[in-house]
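Each chain, written out:
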Amino acid sequence: VTIRITPSEQNVSQEARREPIMAKDILGEAGLHFDELNKLRVLDPEVTQQTIELKEECKDFVDKIGQFQKIVGGLIELVDQLAKEAENEKMKAIGARNLLKSIAKQREAQQQQLQALIAEKKMQLERYRVEYEALCKVEAEQNEFIDQFIFQK
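Residues numbered from 1 in each chain as written. Predicted model: local features only at pLDDT ≥ 70, side-chain atom pairs only at ≥ 80, totals over all residues. Heavy atoms only, no water.

### Notes on the packing of aromatic side chains
Geometry of an aromatic ring pair is reported as the spacing of the ring centres plus the angle between the planes. On inspection of all chains with the given rule, the structure shows 1 aromatic pair. Residues Phe145 and Phe149 carry aromatic rings whose centres are separated by 6.4 Å and whose planes lie at 20 degrees to one another, so their mutual orientation is stacked. With Phe145 and Phe149 both in helix H3 (residues 45–152), this residue pair falls 4 residues apart, about one helical turn. Look at Phe149 and you get partly exposed, because its relative accessible area is 44%. (Phe/Tyr/Trp six-rings, centres within 6.5 Å; stacked < 30°, edge-to-face > 60°. Helix = DSSP H or I, 4+ residues; strand = E, 2+ residues; numbered from the N terminus. Buried < 20%, exposed > 50% of the residue type's maximum accessible area, 1.4 Å probe, protein only.)

In structure tokens, the structure reads:
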């Protein structure tokens, strides 16, 4: 409820001026107060001022919470991105490790194949050496036979 007192009503005698002061006291006891514009208010001006300050502080707090949420949201996005990058690097490392293991197994298999080939070639060399010795012996026998045949004639 708002009551406005006009300046013409304020031009009353001294007694009439004392009555509004007393009326203000009576209204104040009833929980009604006049503000700086002489409007009748239910709340005490001091409580009204505190309410306004609290409202402004709440608005500032809500704004700060909003900024905080934006910052935290950005941080969460950054952490998620870093986690994805770390996971990708982890997968690359696992792939590289598996590739190295596979290369090592391939080299081991290749080494075994080469060792088997070396053993086979050594056996072939030994056969050729034995065959060579046998052929040399046959040649010597044939040369001896030829020499004897020539001397008999």
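There's plenty left to go through after this.
### Points about the UniProt feature "coiled-coil region" (unreviewed entry) in the protein
As recorded in UniProt, the feature "coiled-coil region" (unreviewed entry) lies at residues 100–131. Here residues 100–131 is 100% helix and 0% strand, with 46 Å between the C-alpha atoms at its ends. (UniProt positions renumbered as here; feature names shortened; annotations may be inferred.)

### Re the pattern of salt bridges
Enumeration over the complete set of coordinates arrives at 4 salt bridges. Between Lys59 and Asp63 there is a salt bridge, with the nearest N and O atoms lying 3.4 Å from each other. Remark: Asp63 and Lys59 occur in helix H3; sequence separation between them is 4 residues, near one turn of the helix. Relative accessible area serves as the criterion here: at 53%, Lys59 is assigned to the exposed category. When salt bridges with common partners are traced through the structure, they connect Glu126, Arg129 and Glu133 into a single cluster. (Salt bridge = Lys/Arg side-chain N within 4 Å of Asp/Glu carboxyl O.)

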